[in-house]
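A structural walkthrough
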Amino acid sequence: MKLFHLSANELVSDERSWSGRPVSDVGYPYQQLFKFQHFNPMQSQCLDVLLNDDVNVAISSPTGSGKTVLMELAILRLVRRNRNFRVVYLAPLKALCTERALDWKAKFQPFQIVCEEFTGDTENQLESIKKAQIIVTTPEKWDFSLRRWREDKSVVQSLQLVLIDEVHFVNEPGRGATLEAVVSRMKLASRTLDLAHCLRFVAVSATIPNLEDIAEWLSFPPKIAFAKAFGPEYRPVPLEIHVQGFPGYNNPYLFDSMLNDKLFHYVQQYSNGKPTLVFCATRKSTLQAADKLSQAAGSFFCHQNGSRLMQMARSISDKKLSNLVSQGIAYHHAGLELPDRRIVEDLFLQGQLMVVCSTSTLAVGVNLPAHLVIVKGTSKYVDGKTIPYSNLDLLQMIGRAGRPQYDSFGQAVILSMPEEVQRCHNLVHGEERIESNLHQHLIENVNAEIVLGTVTNLDEAMLWLRSTFLYVRIKRNPSFYRLDHCSAEEGRLSAEKRLEAIFLKDIDLLAQNKIVLKQDRFSPTAYGKIMSKHCISFDTMSLFVQASGKPLSMREMLELFCKAKEFAEMRFRQDKAILNNMNKHPNLRFKLKGKVSTVDQKIFLLIQAVLSNVPLAEKKQTFSMTQEANLVMKTAERLCGCDWIDVRSLASVYGSKSLFVTLALHLALSIDQMQNLGGFSTCSYTIEWHWSTTGTDDG
């Protein structure tokens, strides 16, 4: 067993003094924005550069050290100068955005500053954000908006400040590339528009060793961004962190079961009789962990609050959860009925429940700090396989440890496979360098920039690539970036030449799939415009384009549609029996032959069930299945576009019998009718499918 240990004593520096600068330093009446009298030392050291300067800023500091105040100081600089400004706040998770929007709406309302959250799926929000001075959003939603900025330049022209929360998220596979792309796009847009004011970037991060790379990325040479890193001694509640690896378990299910057997030992050793959160990879795993704790602990967790717990347990609809709550233990995940989740959260906040086993839903959004956090395994299940938790996932989880009101220190225990121990050690010590992931998703972003008109030739492409974090890191760590479609000879080239080679190969792929035209200049086809406007992946667009013109039946079209990459995060949740029963329903137009075995078949059934008013599940399982069906339909809606202009545009170029045109047209009509009748989850009508019953339809 490998073990790394970081004690709370190591984190307390003699140099640290918690008496900082007075809040009155920001001036009247702005000090009312803060509910304390003094800034802490980290905030005090950053106050002048944020409040009295326009330089771009990159700060890294431990979770819970008060980085939100840094962003508020940057906003105050604009408020003190004038009221004609716009700020964008980017955070990687919708829950963080919701929390921040609620807080800032209340805080800035006395100054007549309008704050709006932009995380939904409706076009109407694009209009509402034009009236907001502070826009709170995710990188994905801001990407959606920025892909149209040339159509309406008012938002970008008035933008003066970009706040990037959790900027280390740029390291995350997939979604980190979106953050990088939108920041780089804003940098180029500000230069293109030749704004009278300089667009300012303020980025905050957990502790990372290469903060200077973030600063270089955010710089506008010759003006270099200000960068400052703060160590773990600046966390208000120090953490004792224990990372332990267990060899000899190649089977992830056996490994998870073994960890369940060890949980009670760690709770006894480190909780000090205080609240504990156990983070698990799946919903099923939360129940298994809670069951095992119940068997091992008996009445250990309910000896003080037994009568209160028994009373509240009777209000819980989930019988298994009710039984566990009466013993002082609970599980929590997004598939529970909302009232049950609220009871668990309230009891834990009140100190009545001593242990909650949860998926990552409690790592963000819901503010439930604990004295002890146990991360039970460092992998999760995605697309049918296990992958390591991202750095952001782990930091959010252990960040819940230590309650400022009650604890002088917190405890975090990370239980992992041996091969993950070193990464976890580097992460908790702030030694995990962050890298770019844009090279893995370059082709989608190349198409988006071509549609925008930012990239029309190779010179413009290289100008765009030089604005990215990828360019910064490939110069410093070229061996990390083994670019796809890149030959050994190209791999030995300079950073610029290597990026040029991969760009040209991506252009060729886009041209071969009829997504862009490569003539005197790069220009998008109708397919390219659809792909960019609705943020569709290259793999999915290629799938649709290659099938266009083939004599496919409507069933075959729908089967192909359900293989879209955008559905990749869907998985089975102990629901195969439910889906097999759904497959027998007489209203289902296209039935599967045999039992459900793949995720795309699950999606195939859910789309039909929603559009044909087929019951999703028994009553006790309806909530979870409805959640998944809504997610599937929202993704289907985006893939179709539900946009008459887009569908007609495609039809005019590729013919009305094109797969994408036909499927988009019919699903768009059905989804539009569903929305008019009250939405996916509330409609109680049978929808008339707008699918032809003639020709090659083999339903």
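Please refer to the structure placed before this passage.
Structure report, in brief. (Residues numbered from 1 in each chain as written. Predicted model: local features only at pLDDT ≥ 70, side-chain atom pairs only at ≥ 80, totals over all residues. Heavy atoms only, no water.)

Burial along strand β10 (residues 276-279) is two-sided: the face carrying Thr276 and Val278 and the face carrying Leu277 and Phe279 are both buried. One ladder, built from four bridges, connects β10 with strand β12 (residues 355-358); its direction is parallel. In the sheet register, Phe279 faces β12, and the bridge partner there is Ser358. Looking at chain direction, β10 and strand β13 (residues 372-376) are connected through four bridges and run parallel. Bridge pairing links Leu277 to Val373 in β13. (Buried < 20%, exposed > 50% of the residue type's maximum accessible area, 1.4 Å probe, protein only. Helix = DSSP H or I, 4+ residues; strand = E, 2+ residues; numbered from the N terminus. Pairing = 2+ DSSP bridges.)

Moving on: the pairing of strand β2 (residues 57-60). A two-sided burial pattern is seen for β2, the buried positions comprising Val57 and Ile59 on one face and Ala58 and Ser60 on the other. As judged from the four bridges shared by β2 and strand β7 (residues 200-205), these two strands associate in the parallel manner. Among the inter-strand pairings, Ala58 is bridged to a residue of β7, identified as Ala203. Where β2 lies against strand β8 (residues 226-229), four bridges are found, and the strand directions are parallel.

It is worth spelling out the pattern of salt bridges at this point. Enumeration according to the criterion identifies 30 salt bridges in this entry. Linking Asp575 and Lys602 is a salt bridge whose minimum nitrogen-to-oxygen distance equals 2.7 Å. With Asp575 in the loop between α24 (554-561) and α25 (576-582) and Lys602 in helix α26 (residues 599-611), the pair connects residues that are 27 residues apart, well separated along the chain. Connected via shared salt-bridge partners are Asp213, Glu216, Glu435, Arg473, Lys475 and Arg476. (Salt bridge = Lys/Arg side-chain N within 4 Å of Asp/Glu carboxyl O.)

On to helix α23 (residues 538-547), then. Across the ten residues that make up α23, a large majority, seven, are buried. Within the span of α23, buried status applies to Phe538, Thr540, Met541, Ser542, Phe544, Val545 and Ala547.

With that settled, consider the packing of aromatic side chains. Two measures describe an aromatic ring pair: the distance that separates the ring centres and the angle between the ring planes. For the coordinates displayed, the defined rule picks out 14 aromatic pairs. Positioned over the ring face of Trp104 is Arg100, at 5.3 Å from the centre of the ring. (Phe/Tyr/Trp six-rings, centres within 6.5 Å; stacked < 30°, edge-to-face > 60°. Lys NZ or Arg CZ within 6 Å of the ring centre and 35° of its normal.)

This next bit is on the sheet that holds β2. One key point about sheets: their strands pair by backbone hydrogen bonds, in either a parallel or an antiparallel sense. The seven strands lie next to each other as β4-β5-β3-β6-β7-β2-β8, forming an open sheet whose pairing is parallel. Looking at strand neighbours, the two that pair on one side only are β4 (115-118) and β8, the edges of this open sheet. Ignoring strand direction, the axes of neighbouring strands in this sheet form an average angle of 15°. Examined bridge by bridge, strand β3 (residues 86-90) and strand β6 (residues 159-164) share five bridges and lie parallel to one another. In the strand pairing of β6, Leu90 is matched with Ile164. (Axes fitted to C-alpha atoms, helices over the stretch in contact; angles between N-to-C directions.)

Turning our eyes to something else, we now look at α26. Along an α-helix, residues three or four positions apart point the same way, because every turn accommodates 3.6 residues. Compared with the 18 Å implied by 1.5 Å per residue over 13 residues, the 19 Å span of α26 between its first and last C-alpha is a close match. Counting buried positions along α26 yields ten of 13 residues, so the element is predominantly enclosed. Restricting attention to buried positions, one finds in α26 the residues Lys602, Ile603, Phe604, Leu605, Leu606, Ile607, Gln608, Ala609, Val610 and Leu611. Taken from the residues just after α26, Asn613 is the one with a positive phi, measuring 60°. (Expected span 1.5 Å × (residues − 1).)

Structurally, His439 can be placed in the loop between α16 (418-428) and α17 (442-452). Classification of His439 as buried rests on a relative accessible area of 10%. Polar side-chain contacts of His439 include one of 3.2 Å to the side chain of Gln440. (Polar contact = N/O pair within 3.5 Å; in protein donor to acceptor, adjacent residues only side chain to side chain.)

Here we take up the environment of Glu500. Assignment of secondary structure puts Glu500 in helix α21 (residues 495-512). Distance in space between the C-alpha atoms of Glu500 and Asp459 is 9.6 Å, their sequence separation being 41 residues. If we skip the residues at most four places from it in the chain, Glu500 touches Leu458 and Met462. (Contact = heavy atoms within 4.5 Å.)

Note that every value here comes from positions in space, so none of it alone points to a role or purpose.
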